[in-house]
Each structure stands twice: as structure tokens, then as C-alpha cells.
Amino acid sequence: MAQQPLAPKSGSPVKLHNFDPEYHGDLNKKDARETEAHLEARLAELQEMLYAQGKYTLLIVLQAMDAGGKDGTIKHVFDSVNPQGVRVTSFKAPTAEELSHDFLWRVHQHTPPKGYIGIFNRSHYEDVLVVRVNKLVPPEIWKERYDHINNFERLLADSGTRILKFFLHISKEEQKERFEERLARPDKHWKFSTGDLPVREQWDEYMDAYEAVLTRCNTDYAPWHIVPSNKKWYRNFIISKTIVETLESMNLAYPDPEQGLDKVVIPD
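Residues numbered from 1 in each chain as written. Predicted model: local features only at pLDDT ≥ 70, side-chain atom pairs only at ≥ 80, totals over all residues. Heavy atoms only, no water.

### Observations concerning unusual backbone geometry
Okay, step 1: Not every positive phi belongs to a glycine, and Ala-67 is a case in point at roughly 70°.
Okay, step 2: When its relative accessible area of 9% is taken as the criterion, Ala-67 is described as buried. (Buried < 20%, exposed > 50% of the residue type's maximum accessible area, 1.4 Å probe, protein only.)

### Observations concerning the pattern of salt bridges
Okay, step 1: Evaluated as defined, the whole model comprises 16 salt bridges.
Okay, step 2: The residue Glu-126 makes a salt bridge to Arg-122 at a minimum N-O spacing of 3.7 Å.
Okay, step 3: By sharing partners, the salt bridges in this structure join Arg-42, Glu-45 and Glu-248 into a single network. (Salt bridge = Lys/Arg side-chain N within 4 Å of Asp/Glu carboxyl O.)

### Quick word on the sheet that holds strand E2 (residues 86–90)
Okay, step 1: With respect to topology, 5 strands assemble into an open sheet ordered E2-E3-E1-E4-E5, the strand pairing being parallel. Of all the strands in the sheet, the pair left with one neighbour each is E2 and strand E5 (224–228). Taken over all neighbouring pairs, the strand axes of this sheet differ in orientation by 20° on average, direction set aside.
Okay, step 2: Bridging between E2 and strand E3 (residues 117–121) involves 5 bridges; their strand directions are parallel. Counted as the bridge partner of Arg-87 is Gly-118 from E3. (Pairing = 2+ DSSP bridges. Helix = DSSP H or I, 4+ residues; strand = E, 2+ residues; numbered from the N terminus. Axes fitted to C-alpha atoms, helices over the stretch in contact; angles between N-to-C directions.)

In C-alpha cells:
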């Protein structure tokens, strides 16, 4: 299988038809899951070090079409970490108060503090995705938001936050299968909404909007990763691997202990 890039080159136009959502390289499910178990253990170690050091931050942005696997990614990739050092934020339709501010106001409040991993389940990118496709604001407004987003992410990066953005790329056929599975299983009915069907009809418009995002907002300090996600096991493996490699590059270390600990005697 020909090699498929995970991260598109910054500044280059992105066309999603060049990225196969079925791609899994030369990996098989068994080997990927075995390696992922080691990655999860390493992620737990690195996250504890990040939390103890309290110097840096990791922000993870997950975007996908409905049934793309955002919830599943959070559940499976982060099941071994200490929840005390992880904050998950799901962005729904903005409230009246949020709409009375600039579009990034509500997002900035949820960026993780130093020492934490923050996970955005959907994000500020909704304001150049759903807003664009559904024509919620005029084009002259949402077109300016790409630069605003880049500047916002630059501010976070300059303040010690590493940013990883993952687009969970599934095919339209795979989405249909996942929707049908939700309808067939009573324990999954809660995850299905008839409101997802009109969005499915806008598939091509959303792909155009995602291509613009992946082109305009793919920077060295906040790179996008296009994760083939038809196969959930490959999605989990690739995201775990990318996060571990990123944390390993962040110069993490436990803080120096107090002096004289070798002389401490714990009283009875």
C-alpha cells in the first residue's frame, strides 16, 4: 500500500480525495493493538510528568463529520491517563451569552492550564464549518476567521501550549454503516439524531469547508493531521502514536525534589 502522509505540508492546498479514509499502511489490527497498549502505558507516564512539571500544555482538537469517531477516540486513546490532568470540552451550539461576544471568547475560556492535556470535541473550527455551510453569517465575516484562528493558535503556542489537530477522515459510505449500526442497536439509539441526516445531505459542502480549513489553518505551530478513520483500530493507533511522540519532544521532566529528603524520618 502506497504511503499516505498524515500531516499535509503547511501552505499547500489540501484535496481530501487524495487521502484514503480506508488507509492503514502495512499494519494489521493485531499488531496495531499490541503496539497501542505500549503507547497507552507511555502516554500515562508522560501525562503524569506533564502534570507534575506544570510548565507546558497540550491541546488536542478533534474534528470530524457525524459518526466520525470523536467520542470513541477520547474513550480509547485516553483510557489509561489520570483524569485529574485531562480536561475534555464539547462545543455545542453557542448560548445567547456566547453569541454576544466574539466567536473565540467561549473557546479561550476552555483552553487548558499549564500541566494539563485539553481535548476539544469539536472546536472553534465550527465557526468556519457549520457556519459557512449553513450560511449563518455572511461570507465576508467567516472568511476573516481563518486569520483570527491562526492568530489565536499562535498566541497559545507562544504561551507554552503545543497544539495537535486531528481531522478524523471517514467516507460517506462508512458514515452510513455507522448510522445503520446505531439504529440497529437499542443501546446506541441515544447517539442517533434525525438532525444528522440533513447534514449528511450537505456532505460535499462540508468537504469543501474542511479542505479550506486544512489548507488555511495548517501551520507549523498548530498542524493538522488527516487521520484515516474508517478503521477505528488504525485511528486509535495513529493518534496515540502522534500524541506520545509530541509529548516526548516537549522536554518533560519531574520537578526537582525538596532538598534534604534523604534525612526525613516519618514519625510513628
